[in-house]
Amino acid sequence: MGNHLQKEKYYQRADIANSYHSYRYGTASGKLVFARETEHIRHILHKPKTILDVPCGTGRLFSALFHSCKVIGVDNSSVMIQHAKKHPYHKLIQANALSLPFKKDSFDALISLRFFFHFQDIVPFLKEFARVIKKDGCIVFETFNWSFRTIGGSKLWSFLGGR
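The model shown is predicted, which means the values in this text are computed figures rather than measured ones. (Residues numbered from 1 in each chain as written. Predicted model: local features only at pLDDT ≥ 70, side-chain atom pairs only at ≥ 80, totals over all residues. Heavy atoms only, no water.)

## A short note on the pairing of strand β3 (residues 91-94)
On any regular strand, side chains alternate: one points to one face of the sheet, the next to the other face.
At step 1: As paired elements, strand β2 (residues 70-75) and β3 share four bridges and run parallel to each other. The partner of I72 across the bridge, within β3, is K91. (Pairing = 2+ DSSP bridges. Helix = DSSP H or I, 4+ residues; strand = E, 2+ residues; numbered from the N terminus.)

Structure, rendered in structure tokens:
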């Protein structure tokens, strides 16, 4: 848990938020990663009406993807939220991803990129994400250190309802 608290403090720093997008996506390889991520998201999501972007960070995904639906951004960092205000989110909320301030079955889709690699156990997040996604909704996330088997395999798949 100590590492988690260090990450929270890290992403609250103004210098990190100010340089976040250019540092991660300003290089040739970063631009390629960003292009591939957005290409895959467009392919996976088929015109959802409501999307939860968590953590939304500086709002990088909104600028590339979401122009015809209601998008709510959530981030634990108030500094990242300030940067995300540059994009026309329907709403931006500072909140913890383990306790999202939404009712069950609130969204058609949830996108969570560049997040899970910070944590050893991602199952609590997936359970919370599944709570706020509609029955036929979609959760889009990527993992660097996990496989389907290491995050719960068929038990997790059943819990998420095949989403």
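## Some thoughts on the environment of I122
At step 1: Here I122 shows up in the loop between β4 (107-112) and α6 (123-132).
At step 2: Sequence separation between I122 and L98 is 24 residues, and the spatial gap between their C-alpha atoms is 10.0 Å.

## Focus on the pattern of salt bridges
At step 1: In total, this model carries three salt bridges according to the counting rule given.
At step 2: As a salt-bridge pair, K134 and D108 come within 3.3 Å of each other at their nearest N and O atoms. One end of the pair, K134, is in strand β5 (residues 133-141); the other, D108, is in strand β4, and 26 residues separate them in sequence.
At step 3: On the accessibility criterion, K134 (31% relative accessible area) is partly exposed.
At step 4: The shortest N-O distance in the salt bridge between R131 and E128 comes to 2.8 Å. Pair noted here: R131 and E128 are both in helix α6, with a separation of three residues, about one helical turn.
At step 5: Here R131 falls in the partly exposed class, since its relative accessible area comes to 28%. (Salt bridge = Lys/Arg side-chain N within 4 Å of Asp/Glu carboxyl O. Buried < 20%, exposed > 50% of the residue type's maximum accessible area, 1.4 Å probe, protein only.)

## Re helix α3 (residues 28-44)
At step 1: Spanning 17 residues, α3 covers 24 Å between terminal C-alpha atoms, matching the ideal 24 Å at 1.5 Å per step.
At step 2: Buried within α3 are the following residues: G30, F34, E37, T38 and I41. All buried residues of α3 project into a common sector of 90° when viewed along the axis, lining one side. In this structure, α3 carries A28, S29, L32 and H43 as exposed residues pointing more than 90 degrees from its buried face. (Expected span 1.5 Å × (residues − 1). Arc of directions from axis to C-beta.)

## Re the packing of aromatic side chains
Aromatic ring pairs are described here by two measures, namely the spacing of the ring centres and the angle between the planes.
At step 1: Evaluation of the coordinates by the stated rule reveals two aromatic pairs.
At step 2: Ring geometry for F62 and Y89: centres 4.7 Å apart, planes at 40°, overall tilted. In this pair, F62 sits in helix α4 (residues 60-65) while Y89 sits in the loop between α5 (78-84) and β3, placing the two residues 27 residues apart along the sequence. This pair shows no difference in class: F62 is buried, exactly as Y89 is.
At step 3: Relative to F107, the ring of F102 has its centre 5.0 Å away and its plane inclined at 90°; by these criteria the two rings are edge-to-face. (Phe/Tyr/Trp six-rings, centres within 6.5 Å; stacked < 30°, edge-to-face > 60°.)

Purely geometric numbers; function is a separate question.
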